[in-house]
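# Report on the structure
Below, each chain spelled out in residue letters.
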Amino acid sequence: MSADFLLPLLAAARAARADLFDARHEAAFRLFNGFIEGCPDLVVDLYARTLILHNYADPPQAAREIVLAAQSYLQTQLTWVQAVILKTRNAETGAERRGVLVGGQTVDRKIRDPKGGVWYAVNLLLNRDTSFYLDTRNLRRWAFDHLADKMALNTFAYTGSLGVAAAAGGARRVVQLDRNRVFLNVAKDSYTLNGFPIHKADFLAGDFWEQVSRLKRAGEQFDCAFLDPPFFATSDTGTVDLVNQSHRLINKVRPLVKDGGWLVTINNALFVSGVDYMRTLEDLCADGYLSIETLIPVPSDFTGYPETQVRPPLVDPAPFNHSTKIAILRVRRK
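Below or above, wherever it landed, is the structure these notes cover. (Residues numbered from 1 in each chain as written. Predicted model: local features only at pLDDT ≥ 70, side-chain atom pairs only at ≥ 80, totals over all residues. Heavy atoms only, no water.)

### Thoughts on the sheet that holds strand S9 (residues 173-178)
Rule in force here: Strands are treated as partners if at least two bridges between them are detected by DSSP. Strands here are runs of E lasting at least two residues and helices are runs of H or I lasting at least four, both read from the DSSP assignment and numbered beginning at the N terminus. Note on geometry: axes are lines fitted to C-alpha atoms, helical ones only across the stretch in contact, with angles between N-to-C directions running from 0 to 180 degrees. For this analysis, residues touch if any pair of their heavy atoms sits within 4.5 Å.
Read from one edge to the other, the open sheet built from 7 strands follows the order S10-S9-S8-S11-S14-S16-S15, with strand pairing classed as mixed. The sheet terminates laterally at strand S10 (203-205) and strand S15 (290-296), the two strands that pair on one side only. Shown here is a sheet whose adjacent strand axes are inclined to one another by a mean of 15°, direction ignored. Relative to the sheet, helix H8 (residues 208-217) contacts strand S8 (151-155), S9, S10 and strand S11 (222-227), its axis offset from that of S10 by approximately 135°. The strands touched by helix H9 (residues 246-253) are S11, strand S14 (257-267) and S15; relative to S14, the strand with the most contacts, the crossing angle is about 155°.

This is the structure in structure tokens:
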């Protein structure tokens, strides 16, 4: 793709997202989803005043011209941007995959959701992704709106944003569980930004399978459990496989949810269709102890807008609107 062809796509994407820009430049969203909006080698995210360019080309050099053109154009249009990071998906080194500063100096360390004014700490160079999942924005807002005075468990918490949203909405207790203590430290930074107390016992660094079993033995129960696992992971105690075994994860967590509580499931497997995932959920609901309450849509900056969509997703996500498939399940206990 030539730069001349790319720039109109970027201009249209920016115009479609006009209502997502905030006056203080504290918000975060996907500025350009090239997979849907016409340039699959490029994705652009905005985190406050930091622009992140994702180069998905293989080999990466194939997209060098369009990456440079995108950086030049967007810095010209968004004059308040103070840093640009390039993350190269198929780079040879881990540092390049995590991201390299290619413009400016001051990389943002926090973002703010206008809904409730919630602050989230970010470490944009910590990982191959950006340490904060933009596609679950609507789910964070659901947590903010529904979990006042509730007890929540955030499994596969990563940097804890779903739990932070629950705490901001007035949750009585939030337990954050992730294998990596470094990620949980970012969650603690978010608590500090919002003035939330940090109870160290509620930040569990350990294996999912072991920690969930321990919580069961302790008789713990929660009003809501979030289940947002990686696409695939394995350990000595179990395997996470969102293509073939998502039902196993749901059944593992279900006993920790109170009668009438919520179990929030997320499946981001690109090649699992919406119909196939719904079939999995419906099979789990067949015994009457789970029911599908609602599906949470992914925001339009990820799905593309009617005026910016160039091609459909690789696999049909319907009845979900994106390959990140989010369902709220109700739990009934015997």
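### Quick notes on the sheet that holds strand S3 (residues 50-55)
Strand order in the open sheet formed by 5 strands is S1-S2-S3-S4-S5, and the pairing between neighbours is mixed. Strands at the two margins of the open sheet, each flanked by one partner only, are strand S1 (28-33) and strand S5 (100-104). Neighbour-to-neighbour, the strand axes of the sheet open up by a mean angle of 20°, direction not taken into account. Alignment of S1 against strand S2 (residues 42-47), held across 5 bridges, turns out to be antiparallel. When the sheet's bridge partners are listed, Phe 32 is paired in S2 with Val 44.

### A short note on a nonpolar patch on the surface
The criterion, for reference: Patch building starts from residues that exceed 30% relative accessible area and form no salt bridge, then joins like charges within 9 Å and nonpolar side chains (Val, Leu, Ile, Met, Phe, Trp, Tyr) within 5 Å. Note on areas: Shrake-Rupley, 1.4 Å probe, and residue coverage restricted to the protein chains presented here. Here, a salt bridge means any side-chain nitrogen of Lys or Arg that lies within 4 Å of a carboxyl oxygen of Asp or Glu. Burial here depends on accessible area, computed with a 1.4 Å probe over protein chains only, as a share of the maximum for the residue type. Under 20% is buried, over 50% is exposed, and the range in between is partly exposed.
Together, Phe 231, Phe 232 and Val 243 line one region of the surface with nonpolar side chains, adding up to about 300 Å² of accessible area. Within the secondary structure, Phe 232 sits in strand S12 (residues 232-234). A residue is classified by how much of its surface remains accessible, and Phe 232, at 48% relative accessible area, is partly exposed.

### Structural notes on the packing of helix H5 (residues 137-146) against helix H6 (residues 161-168)
As a reminder of what qualifies: In these notes the angle categories are as follows: under 35 degrees is roughly parallel, over 145 is roughly antiparallel, 65 to 115 is roughly perpendicular, and the rest is oblique. What makes a crossing left-handed is the near helix being turned counterclockwise from the far one by less than a right angle; a clockwise turn instead makes it right-handed. Polar here means any residue other than Ala, Val, Leu, Ile, Met, Phe, Trp, Tyr, Cys and Pro, which are nonpolar, and Asp, Glu, Lys and Arg, which are charged; Gly is therefore polar.
Two elements in contact, H5 and H6, have axes whose closest approach is 7 Å; the angle formed by their N-to-C orientations is 30°. Classified by the angle their axes make, H5 and H6 are roughly parallel. With respect to the hand of their crossing, H5 and H6 are arranged in right-handed fashion. On H6, the residues that touch Leu 139, Arg 140, Ala 143 and Phe 144 of H5 are Ser 161, Leu 162, Ala 165, Ala 166 and Ala 168. Partitioned by chemical class, the residues of the contact of H5 with H6 number 7 nonpolar, 1 polar and 1 charged.

### Regarding the state of the cysteines
Put simply, the rule reads: Note on terminology: pairs of cysteine sulfur atoms within 2.5 Å are recorded as disulfides.
Enumeration over the complete set of coordinates arrives at 0 disulfides. The closest cysteine sulfur to the non-disulfide-bonded Cys 224 is located on Cys 285, 15 Å from its own sulfur.

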